[in-house]
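Chain residues, written in single-letter form:
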Amino acid sequence: MSCDTLSSTAPDGPDQKEPRLCARGVRVRYGGTVALEGVDLIVRDGESVAIMGPSGSGKSTLLHSMAGIISPDEGTVTLRTREGVRELGGLSDAARSAVRLREYGFVFQQGMLIPELTAAENVAMPLLLAGGRKSVAIARADLLLRELGLAGLEGRRIGQLSGGQAQRVAIARARATDAHVVFADEPTGALDSRTASEVLDVLLAGTTAQGRALVMVTHDEDVASRCSRVVRLKDGRIVDSPTR
Ligand SMILES: Nc1ncnc2c1ncn2[C@@H]1O[C@H](COP(=O)(O)OP(=O)(O)OP(=O)(O)O)[C@@H](O)[C@H]1O
Ligand SMILES: [Mg+2]
């Protein structure tokens, strides 16, 4: 397996989508605890990767490493950005934040939405942070919210929405900047199974169906079975995943 393919424009083979994101030899320690013990993973455009494994096996740590939220102690995370191939560890904090904002979207279990803001303002936030005009950002937010079945709720604050509705807002926000990779950490964990399935429909429709990649931590085998690939972690290592 190599991250070099990120540099070339051609996919590996006729059936392969382009590699977008590559983790190589990623090792993360928290004091005496080794959370990741050298993980290799390539994520391609249009692919949905479910990360599974027992509690404490390193799933969130892997997600956060690939997302540039934490910096691995060893190894590299390489991303094909709009400006070219970048190794996240080689960037300044400001440059890494800019890459996160432009290239990535995030959906977490608790949504990490801002409760004081309306649904539309939350969705518009990444566009405003990227320097967009407020009227344009709100118009795009309204469009995304309508696409996700939330027409009429644009002006509601997050606390006035159900869990499933709030997750749709989080998905709309993750889509606002047309991110290449959307990261989700147990996005359906707090939802009943029917709502979870609907939220997953929306998440897949907004990512893989549009050629974008989805990297999702889940404990739910039903959710994972709808992804194109399942990666299982145990004690900070990948077990029984096809290496690519
Ligand atoms: N900030 C931290 N400080 C110290 N140890 C940490 C920290 N974050 C995670 N760990 C440890 O690293 C290991 C991996 O944690 P991680 O959060 O990645 O697990 P996880 O697979 O996401 O678990 P869960 O399913 O419970 O969310 C665990 O042993 C955990 O206790
Ligand atoms: Mg976790």
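Whatever comes next refers back to the structure up there.
Residues numbered from 1 in each chain as written. Chains lettered and ligands numbered in written order. Predicted model: local features only at pLDDT ≥ 70, side-chain atom pairs only at ≥ 80, totals over all residues. Heavy atoms only, no water.

Undergrad: Can you break down the environment of aspartate 93 residue by residue, with the values?
TA: You can see aspartate 93 is positioned in helix 2 (residues 93–103). Take aspartate 93: its relative accessible area is 55%, and that puts it in the exposed class. Residues aspartate 93 and arginine 44, spaced 49 residues apart in sequence, show a C-alpha to C-alpha distance of 25 Å. A distance of 2.7 Å separates the side chain of aspartate 93 from the side chain of arginine 96, its partner in a polar contact. (Helix = DSSP H or I, 4+ residues; strand = E, 2+ residues; numbered from the N terminus. Buried < 20%, exposed > 50% of the residue type's maximum accessible area, 1.4 Å probe, protein only. Polar contact = N/O pair within 3.5 Å; in protein donor to acceptor, adjacent residues only side chain to side chain.)

Undergrad: Residues and numbers for the nonpolar core, please.
TA: Ranked by size, the top nonpolar core spans 40 residues in total, and within it Val107, Val123, Leu145, Val169, Leu203 and Met216 carry the most contacts. When contributions to this core are tallied by element, the ones reaching two or more residues are strand 3 (48–52), helix 3 (119–129), helix 4 (134–147), helix 5 (163–175), strand 7 (181–185), helix 6 (193–206), strand 8 (213–217) and helix 7 (221–225). Not counting residues within four places of it along the chain, the set of residues in contact with methionine 216 comprises Val49, Ala50, Ile51, Ala184, Pro187, Leu200, Leu203, Val223 and Cys227. The next biggest cluster of nonpolar side chains, apart from the first, holds 29 residues, and it includes Val26, Val77, Phe183 and Val217. (Core = buried A, V, L, I, M, F, W, Y, C linked by side-chain atoms within 4.5 Å. Contact = heavy atoms within 4.5 Å.)

Undergrad: Provide a residue-level description of the sheet that holds strand 1 (residues 19–30), including the pertinent values.
TA: Ordered by their spatial adjacency, 4 strands build an open sheet running 2-1-4-5, and the pairing between neighbours is antiparallel. In this open sheet, the two edge strands, each paired with only one partner strand, are strand 2 (33–44) and strand 5 (84–87). Strand after strand, the sheet turns through a mean of 15° between neighbouring axes, direction not considered. Direction of pairing for strand 1 relative to strand 4 (residues 74–81): antiparallel, over a ladder of 5 bridges. Bridged to arginine 27 within strand 4 is glutamate 74. (Pairing = 2+ DSSP bridges. Axes fitted to C-alpha atoms, helices over the stretch in contact; angles between N-to-C directions.)

Undergrad: Provide a residue-level description of unusual backbone geometry, including the pertinent values.
TA: Positive phi values are uncommon outside glycine, yet aspartate 178 reaches one of about 60°. Within the element layout of this structure, aspartate 178 appears in the loop between helix 5 and strand 7. Exposure remark for aspartate 178: the relative accessible area of 27% places this residue in the partly exposed category. Even without being a glycine, glutamate 186 presents a positive backbone phi close to 45°. Along the chain, glutamate 186 falls in the loop between strand 7 and helix 6.

Undergrad: Run through the side chain of asparagine 122, naming residues and quoting values.
TA: With respect to the helices and strands, the residue asparagine 122 is situated in helix 3. Residue classification places asparagine 122 among the buried residues on the basis of a relative accessible area of 1%. With sequence-adjacent residues up to four places away left out, asparagine 122 is seen in contact with Leu113, Ile114, Leu117, Ile158, Val169 and Arg173.

Undergrad: Any details on the pattern of salt bridges? Residues and values, ideally.
TA: Within this structure, the stated rule accounts for 15 salt bridges. Taking the shortest distance from any N to any O, the salt bridge between glutamate 47 and arginine 229 comes out at 3.0 Å. Taken together, the residues span a long stretch of sequence, with glutamate 47 in the loop between strand 2 and strand 3 and arginine 229 in strand 9 (residues 229–234) at a distance of 182 residues. The exposure class assigned to glutamate 47 is buried, which follows from its relative accessible area of 7%. We note a salt bridge from glutamate 198 to arginine 194, for which the minimum N-O separation is 3.4 Å. In this pair, glutamate 198 and arginine 194 are both assigned in helix 6, 4 residues apart and thus about one turn of the helix distant. By relative accessible area, which is 63% here, arginine 194 ends up exposed. (Salt bridge = Lys/Arg side-chain N within 4 Å of Asp/Glu carboxyl O.)

Undergrad: Can you break down the pairing of strand 2 residue by residue, with the values?
TA: Summarising the sheet, strand 1 and strand 2 pair through 9 bridges and their orientation is antiparallel. If you follow alanine 23 over to strand 2, its bridge partner there is leucine 41. Between the end of strand 1 and the start of strand 2, which pair antiparallel, lie 2 residues, with glycine 31 showing a positive phi angle near 60°.

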